[in-house]
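Per-entry structural report
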Amino acid sequence: MRHLVLPIAAAAALLAAPAAFATPTEMFNLDQTGVTGTSGLPGVVTLTQTSSTQIDLSVVLKNGFVWANTGGPHTLFAFSLDSATESIANIAITGANAGDFASPGVAGPYTANPYGVYTNAIWCSATGCPHGGTSSNLSAVLDLSITVPTGDTIAYSDFVTSTEQNKNGKGKGYYFAADLGQNGNTGTFASNSYTYGCAGNGCGGDNNNGVPEPASMAVLGVGLVGLGLARRRRAT
């Protein structure tokens with residue numbers, strides 16, 4: 001019997017310890033547009049849940065696309081967070097290109113014509129992406145870190161689609177929108193779908209909420225060890 005004491009104690013310790021947080025990702029292709037004169041996939045938005053209070057967001061442009069910053073009814077980059085979500089503590093622009101972007105610092109509405117109205121926006125800074133189209137030729141990666149106060153939580157399901165459909169039937173159902181240009185042609189691109197992934201290995205699966213790795217798996221492993229010890233004892 002005493003051979004089982006250590007495995008049982010180890011299982012209890014694992015249950016008492018904080019669970020390690022998994023880091024699943026969701027990826028969105030900016031593949032919806034009415035802009036003529038452009039070709040190829042313009043960019044990908046990736047969400048990575050790093051903790052129950054933080055989601056990191058990254059926008060990587062492709063195929064010669066640049067940030068346009070045309071202004072007016074367009075917003076450089078826009079997304080919406082559910083109004084039922086607890087207050088956002090901070091939206092920090094991070095990464096090597098942080099100086100090229102700026103946050104308005106206040107909630108919307110922000111328009112991204114013709115893809116609706118969003119609650120949050122990111123602009124180009126005065127030095128990194130001047131107003132007036134693609135003259136700056138800025139294709140820098142946009143990295144954001146979105147956090148909520150301790151005691152609240154944020155999940156992928158808190159990112160919701162745009163609102164207010166226009167007369168052409170567009171404007172609802174888009175998760176992200178970006179004002180981009182290619183070869184002098186500028187306009188808004190958007191995403192209305194996503195794919196599931198898993199940080200580092202693309203493991204797939206429905207990761208709509210960041211989930212701690214279950215301690216029950218560790219307990220199962222310890223239980224199997226204990227079972228093996230018990231069988232060994234009977235055999236001897």
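This structure is a prediction, so every number in the text was calculated from the model and none was measured.

Asn113 connects to Pro114 through a cis peptide bond whose omega is 5°. Relative to the elements of secondary structure, Pro114 occurs in the loop between strand S9 (110-111) and strand S10 (117-118). Within the chain, Asn63 stands out as a residue other than glycine whose phi angle is a positive 50°. Within the fold, Asn63 resides in the loop between strand S4 (54-61) and strand S5 (66-67). For Asn63, a relative accessible area of 46% translates into the label partly exposed. One non-glycine residue, Glu164, adopts positive backbone phi at about 70°. When you line up the elements, Glu164 lands in the loop between strand S13 (159-160) and strand S14 (176-182). Taking relative accessible area as the criterion, Glu164 reaches 54% and is therefore assigned exposed.

Before going further, it helps to examine the packing of aromatic side chains. Applying the stated criterion across every chain, the model contains 11 aromatic pairs. Between Phe28 and Tyr175, the ring centres sit 5.3 Å apart and the planes meet at 55°, which makes this aromatic pair tilted. Separated by 147 residues along the polypeptide, Phe28 in strand S1 (residues 24-29) and Tyr175 in the loop between S13 and S14 bring together distant segments of the chain. Under the relative-accessibility criterion, Phe28 is labelled buried at 2%. By relative accessible area, Tyr175 is classed as buried at 19%. When the centroid spacing of 6.0 Å and the interplanar angle of 35° are considered together, the rings of Phe79 and Phe159 count as tilted. Here the residue Phe79 occupies a position in strand S6 (residues 77-81), and Phe159 occupies one in strand S13, the gap between them amounting to 80 residues.

Further remarks concern the pairing of S6. In terms of burial, S6 is largely enclosed, as five of its five residues are buried. For S6 and strand S11 (residues 120-124), the ladder comprises three bridges, and the chain directions are antiparallel. Each residue of the ladder has a partner; that of Phe79, found in S11, is Asn120. Inspection of the sheet shows S6 paired to S14 by three bridges, in the antiparallel sense. Bridged to Ala78 within S14 is Ala177. Pairing between S6 and S13: two bridges, direction antiparallel. Bridged to Leu81 within S13 is Phe159.

Relative to strand S3 (residues 43-51), S1 is paired through five bridges, and the arrangement is antiparallel. Opposite Phe28, over in S3, you have Val45 as the bridge partner. As paired elements, S3 and S4 share eight bridges and run antiparallel to each other. Residue pairing for S4: Leu47 is matched across the bridge by Leu57. Following S3, the chain reverses through two residues before pairing antiparallel with S4.

If you trace the backbone, Gly184 turns up in the loop between S14 and strand S15 (185-191). A residue is classified by how much of its surface remains accessible, and Gly184, at 60% relative accessible area, is exposed. Spatially, the C-alpha atom of Gly184 lies 8.6 Å from that of Gly37, the residues being 147 residues apart in sequence.

Here is what the cut-offs are and how they apply
- Residues numbered from 1 in each chain as written.
- Predicted model: local features only at pLDDT ≥ 70, side-chain atom pairs only at ≥ 80, totals over all residues.
- Heavy atoms only, no water.
- Helix = DSSP H or I, 4+ residues; strand = E, 2+ residues; numbered from the N terminus.
- Buried < 20%, exposed > 50% of the residue type's maximum accessible area, 1.4 Å probe, protein only.
- Phe/Tyr/Trp six-rings, centres within 6.5 Å; stacked < 30°, edge-to-face > 60°.
- Pairing = 2+ DSSP bridges.

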